[in-house]
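Here are the chains, one letter per residue:
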Amino acid sequence: MTALEISGNIAVLGYGLAAIGPGVGVGLIFAAVINGTARQPEAQSKLQSIAWIGFGVTEVLAIIGIALAFVFRSA
């Protein structure tokens, strides 16, 4: 087993660990929207638009993580 194989495996493992954060973040965002809509139904449209913005920002972290996994895998 060479050093490149080990670093490639570590990069993929690192991305797997990095994907946990955005996954939890998206779950918390939409849990808060459901909770807020249950408490105040008239604010549903405003909460939903803010949630989609938060979803996009959170998913950017996962995209950066997979990009870095490819960068470190080839290095």
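All residue numbers here refer to positions counted from 1 along the written sequence of the relevant chain. pLDDT decides what is reported in this predicted model: residues at 70 or higher carry local features, side-chain atom pairs at 80 or more are listed and counted, and totals for whole chains, interfaces and linings draw on all residues regardless. Hydrogens and water are ignored here; the side-chain numbers use all heavy atoms of the structure.

1. Some details on the environment of Thr 37
Here is step 1: Secondary structure elements are defined from DSSP: runs of H or I of at least 4 residues count as helices, runs of E of at least 2 residues count as strands, and each element is numbered from the N terminus. Note that Thr 37 resides in helix α2 (residues 20-39).
Here is step 2: Between the alpha carbons of Thr 37 and Gln 48 there is a distance of 8.9 Å; along the sequence they are eleven residues apart.
Here is step 3: Leaving out residues up to four positions away in the same chain, Thr 37 has contacts with Gln 44 and Leu 47.
Here is step 4: Any pair of nitrogen or oxygen atoms within 3.5 Å is treated as a polar contact; in protein, a donor-acceptor pairing is required on top of that, and neighbouring residues in sequence qualify only through side-chain atoms on both sides. In this structure the side chain of Thr 37 is engaged in a polar contact, spanning 2.8 Å, whose partner is the backbone oxygen of Val 33. Contact criterion: two residues are considered in contact whenever any of their non-hydrogen atoms come within 4.5 Å of each other.

2. A word on the UniProt feature "transmembrane region" (unreviewed entry) in the protein chain
Here is step 1: UniProt positions are given in the numbering used here, feature names are shortened, and annotations may be inferred rather than shown by experiment. Sequence positions flagged by UniProt for "transmembrane region" (unreviewed entry) are, in local numbering, residues 12-38 and 50-72.
Here is step 2: In residues 12-38, the share of helix is 96% and the share of strand is 0%. The end C-alpha atoms are 39 Å apart.
Here is step 3: Here residues 50-72 is 100% helix and 0% strand, with 34 Å between the C-alpha atoms at its ends.

3. Structural notes on the environment of Trp 52
Here is step 1: Within the element layout of this structure, Trp 52 appears in helix α3 (residues 44-74).
Here is step 2: Relative accessible area serves as the criterion here: at 49%, Trp 52 is assigned to the partly exposed category.
Here is step 3: Distance from Trp 52 to Ile 29, taken between C-alpha atoms, is 8.9 Å for residues 23 residues apart in sequence. Relative accessible area decides the class of each residue, using a 1.4 Å probe on protein chains only: under 20% of the type maximum gives buried, over 50% gives exposed, and in between gives partly exposed.

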